[in-house]
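# Close look at the chain arrangement
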Amino acid sequence: MAAAARKTAPAAQSATSPTRDFIDHGYHVFPNGVDPGAATRLLTRLKATRDWDSRLFLTEAEFDADPQYVGVNPKPGRNLLEGLDDDLAFVERDGAIVSALTELLGEGYELMNRKVVCGVPAKSVPAWLKARITDNPVNNLGAYVKPQYRDVTYFYGIDFHQDLIDFKDREADFITLYVYIHPVTRHDAPLFLLEDSHRLGATVFPHDLEKNAEGWLYRDGKGGWVQTAQKLLVGDTGYAAMWHACTLHGTQPDAADNERLSLRYLYAKAPGARGVGIDAVNASLKGPIALASTRQDLDARGAARVKANSVNKA
Ligand SMILES: O=C(O)CCC(=O)C(=O)O
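A brief structural summary. Just so we're clear, the structure is a prediction, and the values are computed from it rather than from any experiment.

Pro206 follows Phe205 through a cis peptide bond whose omega is 0°. If you trace the backbone, Pro206 turns up in the loop between strand 6 (191-195) and strand 7 (208-212). Look at Asp135: it is not a glycine, yet its phi comes out positive at around 70°. Structurally, Asp135 is set in the loop between helix 7 (127-133) and strand 3 (138-140). Taking relative accessible area as the criterion, Asp135 reaches 40% and is therefore assigned partly exposed. The backbone phi angle of Asp196 is positive, close to 80°, even though this residue is not glycine. You can call Asp196 buried: its relative accessible area is 13%.

What follows covers the site of the ligand. Near the ligand, the surroundings consist of Val117, Phe155, Ile158, His161, Asp163, Tyr178, Leu191, His249, Thr251, Arg260 and Arg264. A distance of 2.4 Å is found between an oxygen atom of the ligand and a side-chain nitrogen or oxygen belonging to Tyr178. Between the ligand and the protein, one listed contact pairs an oxygen atom with a side-chain N or O atom of Arg264 at 2.6 Å. Sort the elements by how many residues they give to the shell around the ligand and strand 4 (residues 153-161) lands first, with 3 residues.

It is worth spelling out the pairing of strand 5 (residues 174-180) at this point. Burial within strand 5 is extensive, with 7 of its 7 residues counted as buried. Where burial is concerned, the two faces of strand 5 agree: the one with Phe174, Thr176, Tyr178 and Tyr180 and the one with Ile175, Leu177 and Val179 are both buried. Pairing between strand 5 and strand 12 (residues 260-268): 7 bridges, direction antiparallel. Following the sheet pairing, Val179 is matched in strand 12 by Leu263. For strand 5 and strand 10 (residues 240-244), the ladder comprises 5 bridges, and the chain directions are antiparallel. Residue pairing for strand 10: Leu177 is matched across the bridge by Met242.

Here the focus is the packing of aromatic side chains. Applying the stated rule across the entire model yields 12 aromatic pairs. Their ring planes at 90° and their centres at 6.4 Å tell us that Tyr178 and Tyr180 sit as a pair that is edge-to-face. Tyr178 sits in the buried class, given a relative accessible area of 8%. Positioned over the ring face of Trp52 is Arg50, at 5.0 Å from the centre of the ring.

How each quantity is defined
For every chain, the first residue of the written sequence is number 1, and numbering continues from 1 along that sequence. With the structure being a predicted model, the display of local features is reserved for residues of pLDDT at least 70 and the display and counting of side-chain atom pairs for 80 or more, all residues being used for whole-chain, interface and lining totals. The side-chain figures draw on all heavy atoms in the structure; neither hydrogens nor water molecules are used. A helix here means a DSSP run of H or I that spans at least four residues, while a strand means a run of E at least two residues long, and both kinds are numbered starting from the N terminus. Each residue's exposure class comes from its accessible area (1.4 Å probe, protein chains only) as a fraction of the maximum for that residue type: buried when under 20%, exposed when over 50%, partly exposed otherwise. Note on terminology: near, applied to a residue and a molecule or strand, indicates that one of the residue's heavy atoms is within 4 Å of it. A 3.5 Å cut-off defines polar contacts: any pair of N or O atoms within that distance qualifies, except that in protein one atom must be a possible hydrogen donor and the other a possible acceptor, and neighbouring residues in sequence count only when both atoms are side-chain atoms. DSSP-based pairing: two strands are paired if at least 2 bridges between them are found. When two rings of Phe, Tyr or Trp (its six-membered ring) have centres within 6.5 Å they constitute a pair, described as stacked for plane angles under 30 degrees, edge-to-face for angles over 60, and tilted for the intermediate range. A ring is considered to have a charge above it if a Lys NZ or an Arg CZ atom is located within 6 Å of its centre and within 35 degrees of its normal.

Listed below in structure tokens is the structure:
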């Protein structure tokens, strides 16, 4: 009986539950990750779809003839993960992942989006492009990639941001799940995550961050601040972590010889769910959980109008 009672106790009360980790630090790392064999098989399949090098990119003349800054990410009908449900079961049906998502988001939680993210290595970025984008805060390269390859999101680093950035007027009722499908070291553009940064709630990008000996001092522009520690998400094939939509994270340009391929999922609270883990997390925040305007780094076309980058100084 005692064992049964322990087994059915709410996971949120366990010291290592995802909800507890989200409340305390804004993220949760899955201690056992997901099946590395299945991850490697998927990687092989994805790698075979294209040459993951400078051939991904438009020429400068092609780009300048008709610059397109929006609508360049994967979307329904143009997503490399479409039709790969069986190949993705090692993530989507993994027991620990399903249990964590259910605890945080409720039975019937919803998949909002899933895609491959590629950290493009410096050697694959054409010189003309590097000259234009160095030190931009958001180097999503979709605008510069040939249209047929826009079924993946390509980054050459992105400054510390909240995933709420893409969802103005939406509450932080969703989480991001990230899975590495090959080993990721310090040199493979790992995610840099700022522990405890979620506590200030939603703030506008670019964020007010000052590097210091303990990590980063993060201010919300309204008198609130939190001292954060910088955590590098590095790990082997099958490494999996998830974070709150207000948790700051970013990447530096990929310093390795090879691209970094990862799976990125957004999962939302089940419709009508009440009193689930994410509600407890959001109730613990000191700031808002939604913003009418999430960023001020872009001009009217969607091009960068700010040249500044914190994560590159990390
Ligand atoms: O994988 C990357 O390089 C950055 C991804 C990221 O921060 C995001 O998708 O929100």
